[in-house]
Amino acid sequence: MSTEAGIASVGIQLPSLYLPVTELAELRNIDPNKFTKGLGCRDIALCSADEDAVSLAVGAAKRALSRWNGSIEDIGLIALGTETAKDMSRPLSAWVAEKLGLSGAVRSYEVKHACYGGTLALRQALEWKWSGASAGKAALVIASDVALYSLKDPGEPTQGAGAVAMIIDEPTVAAISPVSFPYSNPAFDFWRPVGDSFPSVVGQLSLDCYKEATEECFRSLIGDRDSRETLNSYRAMCFHVPFPKMVKKAVLHLGETLGWSPEETEELYRSKVEDTLEWNQLTGNAYTASLWISVARALVGLREGTPITAFSYGSGYGAELLQITAGPAAASAAWLADVEADLSARESVDMWEYETLRGHARASA
Ligand code: COA
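Definitions and limits used
Residues numbered from 1 in each chain as written. Predicted model: local features only at pLDDT ≥ 70, side-chain atom pairs only at ≥ 80, totals over all residues. Heavy atoms only, no water. Salt bridge = Lys/Arg side-chain N within 4 Å of Asp/Glu carboxyl O. Buried < 20%, exposed > 50% of the residue type's maximum accessible area, 1.4 Å probe, protein only. Helix = DSSP H or I, 4+ residues; strand = E, 2+ residues; numbered from the N terminus. Pairing = 2+ DSSP bridges. Near = heavy atom within 4 Å. Polar contact = N/O pair within 3.5 Å; in protein donor to acceptor, adjacent residues only side chain to side chain. Areas by Shrake-Rupley, 256 points an atom, 1.4 Å probe, with all protein chains shown as cover. Nonpolar A, V, L, I, M, F, W, Y, C, P; charged D, E, K, R; others polar.

**Q** So what about the pattern of salt bridges? Which residues, and what values?
**A** Evaluated as defined, the whole model comprises 16 salt bridges. Here Arg 42 and Asp 43 are joined by a salt bridge, their closest N and O atoms 3.7 Å apart. By relative accessible area, which is 5% here, Asp 43 ends up buried. Ionic pairing is found between Arg 219 and Glu 215, a salt bridge with its closest N-O pair at 3.3 Å. Of this pair, Arg 219 and Glu 215 both sit in helix H6 (residues 203-222), four residues apart, which is roughly one turn of the helix. Classification of Glu 215 as buried rests on a relative accessible area of 17%.

**Q** Can you lay out the pairing of strand S13 (residues 307-314) for me, pointing to particular residues and giving the numbers?
**A** The buried fraction of S13 is high, at seven of eight residues. Two strands pair when backbone bridges link them, and strand S12 (residues 236-239) and S13 are joined in this way by four bridges, in the parallel orientation. Along S13, the bridge assignment pairs Ala 236 with Ile 308. Where S13 folds back onto strand S14 (residues 318-326) in an antiparallel hairpin, the turn is made up of three residues, including Gly 316, whose phi is positive at roughly 130°.

**Q** Summarise the site of the ligand; cite the residues concerned and give the values.
**A** The environment of the ligand is made up of 17 residues, and the closest members are Asp 31, Lys 34, Pro 154, Ser 206 and Lys 249. A distance of 2.8 Å separates a nitrogen atom of the ligand from a polar side-chain atom of Asp 31. Residue Lys 249 places a side-chain N or O atom 2.5 Å away from an oxygen atom belonging to the ligand. When the ligand is considered free in solution it has 970 Å² of accessible area, and contact with the protein chains removes 66% of it. Within the residue set of the shell around the ligand, elements represented by two or more residues are helix H2 (32-38) and H6. In terms of residue class, the shell around the ligand is made up of eight nonpolar, six polar and three charged.

So far we have only geometry, and geometry alone does not tell us how the molecule works.
Structure below.
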């Protein structure tokens, strides 16, 4: 088995609009500190009427392809992780492949497992490469979502959107260890029944499941080793980000169950986790893309060989902890240009424009 496969190129696409959570707080007559300090949120990335999970995925894929030294003919697999499905049968990958002009001897499919779908698509693509089944072809993996809750739902301030595309080939951006640490435990913490436009959530249960999954995955990673030495050997620890405070709660829970002092855990969070949330605070929850937005941020400027972790969580629930090592192209981080361009071009909407947009989302959902 060759482990010489990893992330060869990254492209990110963020939508063209955003709503500061302070505007939403005013609209809902809620103390803005609840959203900013209580949940750690800042902006909600919002799609215009012309944007959706497909256009975001296509934009991210084009950017990843444009800076890769292969061509579309070299792609033998397209896997799209999403929970913003357009259809119960036709995979979202078909809409994207159509726009990219990708057809022929290509395996094309959608992966669904709430926010874990993008990571599963990535793992499958890597395992396809490692197994030799790819016969030298590369995979295009995309995590793309538009996260919207019902109006006035407690999850409304955590909404967001975005897409991350990754070409799986030579590990020039990052290598991913074949050894990962999965954990699942069936739960009804967050779900969207067939025909419903917006999800149902048992907020507290979803927080408890997320914390349990964090603990279990990290315990497997640590095994019999010293927990401090093990976790401190990573430069950064990335997490799926339902909202930034959730990540902090999970890290505090982890430290407590490992027997660390509150000060030690706080330092772990400050030195390894806090910076990885920077872009997530500007996008909000982009479901499958959230973890990969955080990983893309963490990889920026890293020296080749620097290790980080990535914790993926999807309600239902399933989780997996990955070990990632920066490749030679992480230092120059070409995808930083995508984020900077999208953030500087996007326009803020006020609460009245948000209500109009949400009316459109309801009508077209
Ligand atoms: N100033 C500062 N903080 C405030 C505040 C104020 N005026 N008012 C409330 N807060 C704090 C609360 O103390 C709480 O913090 P704590 O948990 O550290 O105690 C935080 O803000 C959230 O308040 P809470 O009342 O618990 O929020 P909520 O019931 O409205 O909803 C979620 C919170 C997470 C449950 C909701 O956002 C949700 O359902 N999200 C979607 C599901 C999700 O993201 N799940 C995560 C796993 S995938």
